[in-house]
Amino acid sequence: MRFETRKQIRFHHCDPAGIVFYPQYFYLLHEAQEDFLAHIGYPEHELIASGLGVPIVDLKTEFLGMCRYGDEIRISLGLTRVGNASIGMHYEIHSCPRAPDVGTSLKLVARTVVVCSEVPHGKVRSIPDGLREALLPYLQTTTENKP
């Protein structure tokens, strides 16, 4: 199972040419992570308030096309790994068609690893059992994700 969310490309995401400035994609990916955690019942702001953070420790990105001001995008998120303390995430950003007969287009692929840690000092800790249970349905088992 994969989680999906839609976003609108806004003025603040873009450079003067109206194209998404690449660092803004990382904000969009983090928003998708927050949307996902809220969707599974663990809003990130509540995790942080309880003393648990999930900072990114590894990030790999492939930029495959441009998104422009006004585009609607679809961000999908699936999990590649649920370890003792780490979670591997696989994202795809697709632009959505402006006309009904035009297909979507893959614009970005990203892979991240987040690690459960105590806030504020960052000591790594195990993923809590309830969070682990909520994550597991999104664990992808395709050969693409296996080492």
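Scroll up to find the structure.
Residues numbered from 1 in each chain as written. Predicted model: local features only at pLDDT ≥ 70, side-chain atom pairs only at ≥ 80, totals over all residues. Heavy atoms only, no water.

## What to know about the sheet that holds strand β6 (residues 105–115)
Neighbouring strands of a sheet are bound in pairs by backbone hydrogen bonds; such pairs are parallel or else antiparallel.
Point 1. Pairing in this open sheet of 5 strands is antiparallel, and the strands run β1-β4-β5-β6-β3 from one edge to the other. Each end of this open sheet is capped by a strand with a single partner; those strands are β1 (3–8) and β3 (56–63). Neighbour-to-neighbour, the strand axes of this sheet turn through a mean angle of 20°, independent of strand direction.
Point 2. Against the sheet, helix α1 (residues 23–39) contacts β1, β3, β4 (72–82), β5 (86–95) and β6, and its axis sits at roughly 135° relative to β1. (Pairing = 2+ DSSP bridges. Helix = DSSP H or I, 4+ residues; strand = E, 2+ residues; numbered from the N terminus. Axes fitted to C-alpha atoms, helices over the stretch in contact; angles between N-to-C directions. Contact = heavy atoms within 4.5 Å.)

## A look at a nonpolar patch on the surface
Point 1. Together, Phe21, Tyr22 and Phe63 make up a nonpolar patch on the protein surface, roughly 330 Å² of accessible area in all.
Point 2. Examined against the element boundaries, Phe21 turns out to sit in the loop between β1 and α1.
Point 3. On the accessibility criterion, Phe21 (43% relative accessible area) is partly exposed. (Patch = residues over 30% accessible without salt bridge, like charges linked within 9 Å, V, L, I, M, F, W, Y side chains within 5 Å. Areas by Shrake-Rupley, 256 points an atom, 1.4 Å probe, with all protein chains shown as cover. Salt bridge = Lys/Arg side-chain N within 4 Å of Asp/Glu carboxyl O. Buried < 20%, exposed > 50% of the residue type's maximum accessible area, 1.4 Å probe, protein only.)

## Comments concerning the packing of aromatic side chains
The way to describe two aromatic rings as a pair is by their centre distance and the angle between their planes.
Point 1. The final tally for this structure, using the stated rule, is 7 aromatic pairs.
Point 2. Ring geometry for Phe26 against Phe63: centres 6.5 Å apart, planes inclined by 75°, an arrangement best described as edge-to-face. Residue Phe26 is found in helix α1, and its partner Phe63 is found in strand β3; the two are separated by 37 residues along the sequence.
Point 3. Residue class for Phe26 comes out partly exposed when judged on its relative accessible area of 29%. (Phe/Tyr/Trp six-rings, centres within 6.5 Å; stacked < 30°, edge-to-face > 60°.)

## Overview of the nonpolar core
Point 1. With 33 residues, the main nonpolar core has Phe36, Ile40, Ile75, Leu79, Tyr91 and Leu135 as its most contacted residues.
Point 2. Those elements giving two or more residues to this core turn out to be α1, β4, β5, β6 and α3 (129–135).
Point 3. The leading source of residues in this core is α1, at 6 residues.
Point 4. In this structure Leu135 touches Phe36, Ile40, Leu79, Val82, Ile87 and Ile127, once residues within four positions along its chain are discounted. (Core = buried A, V, L, I, M, F, W, Y, C linked by side-chain atoms within 4.5 Å.)

## Let's talk about the pairing of β1
Point 1. Side chains of β1 alternate between two faces, with Phe3, Thr5 and Lys7 buried and Glu4, Arg6 and Gln8 left unburied.
Point 2. Strand direction decides the pairing type here: β1 and β4, joined by 6 bridges, are antiparallel. Bridge pairing links Thr5 to Ile75 in β4.

## Notes on the state of the cysteines
Point 1. Evaluated as defined, the whole model comprises 0 disulfides.
Point 2. In this structure Cys96 is not part of a disulfide, and its nearest cysteine sulfur, from Cys67, lies 9.3 Å away. (Disulfide = S-S within 2.5 Å.)

## Considering the environment of Gly83
Point 1. Here Gly83 is to be found in the loop between β4 and β5.
Point 2. Spatially, the C-alpha atom of Gly83 lies 8.1 Å from that of Ile127, the residues being 44 residues apart in sequence.
Point 3. The contacts of Gly83, once residues within four sequence positions are left out, are Ile127 and Arg132.

## Observations regarding the pattern of salt bridges
Point 1. Applying the stated rule across the entire model yields 6 salt bridges.
Point 2. With a shortest N-O distance of 3.2 Å, Arg74 and Glu4 are connected by a salt bridge. Separated by 70 residues along the polypeptide, Arg74 in strand β4 and Glu4 in strand β1 bring together distant segments of the chain.
Point 3. Between Arg111 and Glu62 there is a salt bridge; the shortest N-O distance is 3.4 Å. Separated by 49 residues along the polypeptide, Arg111 in strand β6 and Glu62 in strand β3 bring together distant segments of the chain.
Point 4. Given the relative accessible area of 39%, Glu62 is considered partly exposed.

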